[in-house]
Amino acid sequence: MEENSTRQLKIICVFCGTNPRKNAKFVEAANNLGRVLAKRKIHLVYGGGSLGLMGCVSIVAHVEGSQVLGIILIALTEGNFAGKTVGEELRVSSMKDRIWKMLDNFDAFIALLGGIGNLEENFQITF
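The residue numbers shown here count from 1 along each chain, following its written sequence. In view of the model being predicted, local features appear only for residues whose pLDDT reaches at least 70, and side-chain atom pairs are presented and counted only at 80 or more, with totals across whole chains, interfaces and linings using the full set of residues. Hydrogens and waters are ignored; side-chain quantities use all the structure's heavy atoms.

K.L.:
Go over the packing of aromatic side chains, please, and point to the residues and values.
P.N.:
Geometry of aromatic contacts follows a simple scheme: Phe, Tyr and Trp rings, the Trp one being its six-membered ring, pair when their centres are within 6.5 Å, and the pair is stacked under 30 degrees between planes, edge-to-face over 60, tilted otherwise. Taken as a whole, this structure holds two aromatic pairs when the rule is applied. Relative to Phe109, the ring of Phe15 has its centre 5.9 Å away and its plane inclined at 70 degrees; by these criteria the two rings are edge-to-face. Separated by 94 residues along the polypeptide, Phe15 in strand 1 (residues 11–15) and Phe109 in strand 5 (residues 108–111) bring together distant segments of the chain. Three labels apply to residues, based on accessible area from a 1.4 Å probe with only protein chains included: buried if under 20% of the type maximum, exposed if over 50%, partly exposed otherwise in between. Phe15 gets classed as buried once you look at its relative accessible area, which sits at 1%. Judged by its relative accessible area of 32%, Phe109 falls in the partly exposed class. Aromatic side chains Phe106 and Phe109 sit 6.4 Å apart centroid to centroid with 70 degrees between the ring planes, which places their arrangement in the edge-to-face category. On the basis of relative accessibility, which here comes to 17%, the residue Phe106 falls in the buried class. Taken together, the aromatic side chains of Phe15, Phe106 and Phe109 make up a single cluster linked through ring pairs. What counts as a helix is a DSSP run of H or I of at least four residues, what counts as a strand is a run of E of at least two, and both are numbered from the N terminus.

Take a look at the structure:
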């Protein structure tokens, strides 16, 4: 017996860089991802803040109508190192806590361009 059992994704976590130096093609891709998430009524979980590609995805998704949850380290919110989080903000005390909270709050993940931290997050959630 064959069944069509496609799973509806409701929440996607996006991992990407916060580097403020943005390549136009990567910015376009991040903005497009934000629009697609909103159009499909998919909520976004991300690392918080508003810098780099992470900021692009979150701002566009939020403006276009997605619910957005930024999970950010408390240390990054003191002194405004990461910019202002868009949507709801959950502050955590460690990277380990951040990853665990992210794992509790998404159905799938997407990785865009980022640095060493992005690579580490991808390894942590896949193992």
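K.L.:
Residues and numbers for the pattern of salt bridges, please.
P.N.:
Here, a salt bridge means any Lys or Arg side-chain nitrogen found within 4 Å of an Asp or Glu carboxyl oxygen. Under the criterion given, the structure shown has one salt bridge. Put simply, Glu89 and Arg91 hold a salt bridge, and the shortest N to O gap is 2.6 Å. The exposure class of Glu89 is partly exposed, given its relative accessible area of 31%.

K.L.:
Got a sec to walk through the sheet that holds strand 1? Specific residues and values, please.
P.N.:
The pairing criterion for strands is at least two bridges between them, as found by DSSP. Within the open sheet, the five strands sit side by side as 4-3-2-1-5. Their pairing is parallel. Whereas interior strands pair on both sides, the edge strands pair on one side only; in this sheet they are strand 4 (88–92) and strand 5. Each adjacent strand pair in this sheet contributes to an overall mean axis angle of 25 degrees, direction not counted. In this structure, strand 3 (residues 68–73) lies alongside strand 4, joined through five bridges in parallel fashion. Residue pairing in the sheet places Leu69 in a bridge with Glu88 of strand 4. Whether two residues are in contact is decided by their heavy atoms: any pair within 4.5 Å suffices. Each axis is a line fitted through C-alpha atoms, and for a helix only the stretch in contact is used; angles between axes span 0 to 180 degrees, taken between their N-to-C directions. Its contacts with the sheet put helix 4 (residues 95–103) on strand 1, strand 2 (43–46), strand 3 and strand 4, and the angle it makes with strand 3 is roughly 160 degrees.

Distances and angles like these do not, on their own, reveal function.
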